[in-house]
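Structural features, examined
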Amino acid sequence: EVQLVESGGGLVQAGGSLRLSCAASGFTSDDYVIGWFRQAPGKEREGVSCISSMLGSTYYIDSVKGRFTISSDNAKNTVYLQMNSLKPEDTAVYYCAAEVSGFGLDYGLGCYGMDYWGKGTLVTVSS
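Reading guide: rules and limits
- Residues numbered from 1 in each chain as written.
- Predicted model: local features only at pLDDT ≥ 70, side-chain atom pairs only at ≥ 80, totals over all residues.
- Heavy atoms only, no water.
- Helix = DSSP H or I, 4+ residues; strand = E, 2+ residues; numbered from the N terminus.
- Rg over C-alpha atoms; globule rule 2.2 N^0.38 Å.
- Buried < 20%, exposed > 50% of the residue type's maximum accessible area, 1.4 Å probe, protein only.
- Lys, Arg positive; Asp, Glu negative; His and termini not counted.
- Charge placed at Lys NZ, Arg CZ, Asp CG, Glu CD.
- Salt bridge = Lys/Arg side-chain N within 4 Å of Asp/Glu carboxyl O.
- Disulfide = S-S within 2.5 Å.
- Pairing = 2+ DSSP bridges.
- Axes fitted to C-alpha atoms, helices over the stretch in contact; angles between N-to-C directions.
- 1 Å grid on protein atoms, 1.4 Å probe; cavity = no way out; pocket = protein on both sides within 12 Å on 5 of 7 lines; lining within 4 Å.
- Points joined across faces, edges and corners; volume = space filled by probe spheres on them.
- Nonpolar A, V, L, I, M, F, W, Y, C, P; charged D, E, K, R; others polar.

Along its length, the protein chain carries zero helices and 13 strands. Here the C-alpha atoms of the protein chain give a radius of gyration of 14 Å, agreeing with the 14 Å that 2.2 N^0.38 yields for 127 residues. Each of the three principal axes of the protein chain carries a C-alpha extent, and together these read 40 × 30 × 25 Å. Residue burial in the protein chain is summarised as follows: out of 127 residues, 43% are buried. Charge centroids of the protein chain, computed over 9 positive and 13 negative side chains, lie 10 Å from each other.

Following this line, the structure appears as structure tokens:
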């Protein structure tokens, strides 16, 4: 059973930074996509960034390019999202999610088809 546990959310002023962490366990395949989604109040969930083990590549939605960086530490089974230059519109619950076939990243569709989800961590950016 895959389990994903997020941490690192909190309250930060606009222009500040946060680093989210996702501790992953239970993976039985070397092919997977793992990354971050977010959902703001009244809006649909969107895929923010993800990384594909099969492709060795990453994806970012346009609104976070140049500000957010996804990375992983395989020794710690942890994926991170470094968020810099935060804006109030970044306020959302951020979820770690994983797709275990390795086909969950498409440069047209973004991050999709996720099989497992964490419970989320709240990021609030004040103006």
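Bringing the pattern of salt bridges into the picture now. Under the definition given, this model contains four salt bridges. Close ionic contact of Arg 38 with Glu 46 constitutes a salt bridge, the shortest N to O distance being 2.8 Å. Between Asp 90 and Arg 67 there is a salt bridge, with its nearest N and O atoms 2.8 Å apart. Here Asp 90 is found in the loop between strand 8 (78-83) and strand 9 (92-99), whereas its partner Arg 67 is found in the loop between strand 6 (57-60) and strand 7 (68-73), with 23 residues between them in sequence.

Turning our attention to the state of the cysteines. For the coordinates displayed, the defined rule picks out two disulfides. The partner cysteine of Cys 22 in its disulfide is Cys 96, sulfur to sulfur 2.0 Å. Because the sign of the S-S torsion sets the handedness, a value of about -80° for the bond joining Cys 22 and Cys 96 places this disulfide among the left-handed ones. On the criterion of sequence distance, the pair formed by Cys 22 in strand 3 (residues 18-25) and Cys 96 in strand 9 is long-range, its members being 74 residues apart. For the pair Cys 22 and Cys 96, one class covers both residues: buried. The residue that forms a disulfide with Cys 50 is Cys 111, at a sulfur-sulfur distance of 2.0 Å.

Spatially, four strands are ordered 1-3-8-7 in an open sheet, and the strand pairing comes out antiparallel. Each edge of the open sheet is held by one strand with a lone partner, namely strand 1 (3-7) and strand 7. Averaged over all adjacent pairs, the angle separating strand axes in this sheet is 20°, with direction ignored.

Reported here for the largest pocket is a volume of approximately 320 Å³. What lines the largest pocket is a set of 18 residues, among which Phe 27, Tyr 32, Ile 34, Asn 74 and Asn 77 lie closest to the centre. Elements with a contribution of two residues or more to the lining of the largest pocket: strand 3, strand 5 (46-52), strand 7 and strand 8. For the lining of the largest pocket, the leading source of residues is strand 3, giving three residues. Residues of the lining of the largest pocket, tallied by class, amount to seven nonpolar, nine polar and two charged. Reported here for the second largest pocket is a volume of approximately 170 Å³. Every residue lining the second largest pocket is counted, 13 residues in all, and those nearest its centre are Arg 38, Ala 40, Lys 43, Glu 46 and Glu 89. Residue composition of the lining of the second largest pocket, by class: two nonpolar, three polar and eight charged.

Looking now at the pairing of strand 3. For strand 1 and strand 3, the ladder comprises five bridges, and the chain directions are antiparallel. Each bridged residue has a counterpart across the sheet, and for Gln 3 the counterpart in strand 3 is Ser 25. With six bridges connecting them, strand 3 and strand 8 associate as antiparallel partners. Note that in strand 8 the partner of Leu 18 across the bridge is Met 83.

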